[in-house]
2 protein chains.
Amino acid sequence: MSEWARVTPRDFRQACREGRYAGTTRGVALGYLQCNLVMIREPFAYEFLLYCQRNQRACPVLEVLDAGDPTPHLTAPGADLRTDLPRYAVYRDGRRLTDVTDASPLWQPDFVSFLIGSGIAFDQALEDAGVPTDKDRWVIRTTIPTIRAGRFHGPMVVTMRWLTPEHAIRAVQVTTRYPFNHGAPIHIGDPAAIGADLANPLVGPPVDRVRDGVVPVFWACGVTPQEAALVAGIDIMVTHAPAHGFVTDWEAKRLAIP
Amino acid sequence: MSEWARVTPRDFRQACREGRYAGTTRGVALGYLQCNLVMIREPFAYEFLLYCQRNQRACPVLEVLDAGDPTPHLTAPGADLRTDLPRYAVYRDGRRLTDVTDASPLWQPDFVSFLIGSGIAFDQALEDAGVPTDKDRWVIRTTIPTIRAGRFHGPMVVTMRWLTPEHAIRAVQVTTRYPFNHGAPIHIGDPAAIGADLANPLVGPPVDRVRDGVVPVFWACGVTPQEAALVAGIDIMVTHAPAHGFVTDWEAKRLAIP
């Protein structure tokens, strides 16, 4: 387990802000809610929020900031979304540019920031239930369609984990309790049934074969709306880099069904 | 139990459309998802959706229609929200006018329709668990603040039910499984603790005393956003009349956590 597993959210965000941490947030501040981030200009905000509403399983919106405000007053008072993530993805006119570790130079005065639930949020609960979360995990495109909202549409992105059958069953039980963080898996077994693009994961090396003794388990992923925004070709968008999320002050279990 | 308890959603909507039914939807088409309705003009749609997102417990949005479209393609294909509810509340410039049974004459070409989860959705589940749902139930204003979004703000509206202690506990268990229909109660016991306005319920006669052997149980209510829109004083808004909801084709248990 990383030395960052037990850091407080505030200290972790400060480390990001000062450039002392730029790696993945998997395994970081375990037990705290992590969110995916999307920052877009105000003219796109309604269609984007509508897209999230229509595809809530993949895009559970947890906080929307007022235009021009970089501080999530609800989930992390005092934080600054422009600096407090370890790494950002940058999109211009539908193309992904090079990642950055400080989004301040890209900030637009009418940026609306969306914090969207992440499956990383239930890692601690999975660990508590004996399900390992630190490896064999990918972010992958599928051919499952999402419901369109204006310019936003496209296929669902999933998180795939290889799990033993026993762990897969336990993982269904645990994640069912997190309806605001993607909830239960959307698929178990044959990746081809959902058109999972194993050759070109968005995060992780190519997945080149079926393994003995484990089954692939798929959850709807908060990277889905980024892909939709890519399709929409909007002028400028800044998001978390996949697997480099925003660590809030909320304990993840706060969003769990008892 | 009413003769309408076992009607199909389609037949019920047809009865509304033809003016053969104009009463409450409590006890109607039991087991099917009922929704609260809000129709507002497009310039208010983003702020309203944002208000719902920020107050999800009271305003769980289940479907948002494209501007100018009166058909909920997701939850009731073929239905028409202008005619298929038994009774509508009408608001102009922040004042509530006389209810109507047909909203067609009020329809605006840029109306955006919002369907919002309703506690009526879990009545069948409560009945199955032995909790009676057909009486001792009110819709009441409180002093619990909601989170503002633009022009929309105001206090939370709640549904209050008198239940025996045994039924209250069972009701907590059952409704916890419906996070997209207000979920678990927000309060049990002393109405004064949440500023519940027992003298002026929005639905039901005045509640004038504490009763022996029962405890008041309070759920966040989907009428909350109507009150916020009233405060916002927007030009024209048409909604369901309280306790006169829209009956969808979805079985309510579809939205339940297993």
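Residues numbered from 1 in each chain as written. Chains lettered and ligands numbered in written order. Predicted model: local features only at pLDDT ≥ 70, side-chain atom pairs only at ≥ 80, totals over all residues.

1. Some points on the overall build of chain A
Going by this rule: Helix and strand assignments come from DSSP, with helices taken as H or I runs of at least 4 residues and strands as E runs of at least 2, each series counted from the N terminus. Buried residues are those with 20 or more other C-beta atoms within 10 Å of their own C-beta, exposed residues have 12 or fewer, and partly exposed residues lie in between; C-beta atoms are placed from the backbone.
Along its length, chain A carries five helices and 11 strands. If you line up chain A on its principal axes, its C-alpha atoms span 50 × 40 × 35 Å. For chain A, the proportion of its 258 residues judged to be buried stands at 49%.

2. Observations regarding the nonpolar core
Quick note on the threshold: We define the nonpolar core as any set of buried residues of the types Ala, Val, Leu, Ile, Met, Phe, Trp, Tyr and Cys, connected via C-beta atoms lying within 7 Å of each other. By the convention adopted here, residues make contact when the C-beta atoms placed from their backbones lie within 7 Å.
Counting residues in hydrophobic clusters, the biggest one holds 151 residues, and the most contacted among them are A:Ile40, A:Leu49, A:Val158, B:Ile40, B:Leu49 and B:Val158. Excluding its chain neighbours within four sequence positions, the residues that come into contact with A:Ile40 are A:Ala45, A:Phe48, A:Phe111, A:Val112, A:Ala229, A:Ile234 and A:Met237.

3. Description of the interface of chain A and chain B
Heads up, the condition is: Under the grouping applied here, Gly and all other residues not named as nonpolar or charged are polar, the nonpolar ones being Ala, Val, Leu, Ile, Met, Phe, Trp, Tyr, Cys and Pro and the charged ones Asp, Glu, Lys and Arg.
Residue-level contacts link 11 residues of chain A with 11 residues of chain B. Broken down by element, the side of chain A that touches chain B gets its largest block of residues, five residues, from helix α2 (residues 45–54) of chain A. For the side of chain A that touches chain B, the class distribution of residues is nine nonpolar, two polar and no charged.

4. Topic: helix α1 (residues 9–17) of chain A
Residues and elements named next belong to chain A. Basically, it comes down to this: Comment: arc refers to directions from the helix axis out to C-beta atoms.
Of the residues making up α1, those classed as buried are Pro9, Phe12, Arg13 and Cys16. Along the axis of α1, the buried positions cluster into a sector of 95 degrees, meaning they face one direction only. On its buried face, α1 sits against β1 (32–41) and β11 (246–251). Taken from the residues just after α1, Gly19 is the one with a positive phi, measuring 75 degrees.

5. Considerations on the pairing of strand β5 (residues 111–117) of chain B
Residue and element names in this part refer to chain B. What counts, and what does not: Paired strands, in this sense, are two strands between which DSSP finds at least two bridges.
Extensive coverage of β5 is indicated by the burial of seven of its seven residues. Two strands pair when backbone bridges link them, and strand β1 (residues 32–41) and β5 are joined in this way by seven bridges, in the antiparallel orientation. Its bridge partner lying in β5, Val38 is registered against Phe114. Inspection of the sheet shows strand β2 (residues 61–64) paired to β5 by three bridges, in the antiparallel sense. Counted as the bridge partner of Glu63 is Leu115 from β5.

6. A short note on the sheet that holds strand β9 (residues 215–220) of chain A
All names here are of chain A. The criterion, for reference: The angle between two axes is taken between their N-to-C directions and runs from 0 to 180 degrees, where each axis is a line fitted to C-alpha atoms and a helix contributes only its stretch in contact.
Ordered by their spatial adjacency, four strands build an open sheet running β6-β7-β9-β8, and the pairing between neighbours is antiparallel. Strands with a single pairing partner mark the edges of an open sheet, and in this sheet they are β6 (137–145) and β8 (187–188). Bridge count between strand β7 (residues 155–163) and β9: six bridges; the pairing is antiparallel. Opposite Leu163, over in β9, you have Val215 as the bridge partner. Docked against the sheet, helix α4 (residues 165–176) engages β7, β8 and β9, running at close to 15 degrees with respect to β9.

7. Describing the domain arrangement of chain A
Residues and elements named next belong to chain A. What counts, and what does not: Boundaries between domains were set according to an automatic or database domain assignment.
The assigned domain composition of chain A is domain 1 (9–121 + 232–255) and domain 2 (122–220). Relative to domain 2, the C-alpha centre of domain 1 lies at a distance of 21 Å. The residue inventory of the side of domain 1 that touches domain 2, partitioned by class, reads 14 nonpolar, six polar and four charged.

8. What about the relation of the copies chain A and chain B?
Operational definition: Least-squares superposition aligns the copies on the C-alpha atoms of those residues with pLDDT at or above 70 in both.
Rotating chain A by 180 degrees and moving it 0.0 Å along the rotation axis overlays it on chain B with an RMSD of 0.0 Å. When the rotation and shift are considered jointly, the pair of chain copies conforms to a two-fold rotation axis. Considering only C-alpha atoms, the residue of chain A closest to the rotation axis is A:Tyr46, which sits at 2.5 Å. A share of 100% of the interface residues of chain A reappears at the interface of chain B, consistent with the copies meeting face to face through the same patch.

9. Details of the sheet that holds strand β9 (residues 215–220) of chain B
All names here are of chain B. The antiparallel open sheet is built from four strands, whose spatial order is β6-β7-β9-β8. The sheet terminates laterally at β6 (137–145) and β8 (187–188), the two strands that pair on one side only. Here helix α4 (residues 165–176) sits on the sheet in contact with β7 (155–163), β8 and β9, set at roughly 15 degrees to β9.

10. With respect to the packing of α2(A) against helix α2 (residues 45–54) of chain B
The test is simple: Any angle from 65 to 115 degrees is called roughly perpendicular, while one under 35 is roughly parallel, one over 145 is roughly antiparallel, and all others are oblique. The sense of a crossing depends on the near helix, which, turned anticlockwise from the far helix by less than a right angle, makes the crossing left-handed and, turned clockwise, makes it right-handed.
Two elements in contact, α2(A) and α2(B), have axes whose closest approach is 9 Å; the angle formed by their N-to-C orientations is 45 degrees. Our classification of the angle between α2(A) and α2(B) gives oblique. As for the relative orientation of α2(A) and α2(B), their crossing is left-handed in sense. Contact with α2(A), carried on its side by A:Ala45, A:Tyr46, A:Leu49, A:Leu50 and A:Gln53, involves B:Ala45, B:Tyr46, B:Leu49, B:Leu50 and B:Gln53 of α2(B) and no other residues of that element. Grouping the amino acids of the contact of α2(A) with α2(B) by side-chain chemistry returns eight nonpolar, two polar and no charged.

11. Describing the environment of A:Pro9
Residue and element names in this part refer to chain A. Note on placement: Pro9 falls in helix α1. You can call Pro9 buried: it has 23 C-beta atoms within 10 Å. Linking Pro9 and Val28, residues 19 residues apart in sequence, is a C-alpha distance of 8.8 Å. For Pro9, the contacting residues outside a window of four places in its chain are Ala29, Tyr32, Ala76, Val247, Thr248 and Asp249.

12. Re the environment of A:Asn200
Looking at the secondary structure, you find A:Asn200 in the loop between β8 and β9. Judged by the 9 C-beta atoms lying within 10 Å of it, A:Asn200 falls in the exposed class.

13. A short note on the environment of A:Ala199
The residue A:Ala199 is located in the loop between β8 and β9 in this model. On the basis of neighbour count, A:Ala199 is assigned to the exposed category, with 9 C-beta atoms found within 10 Å.

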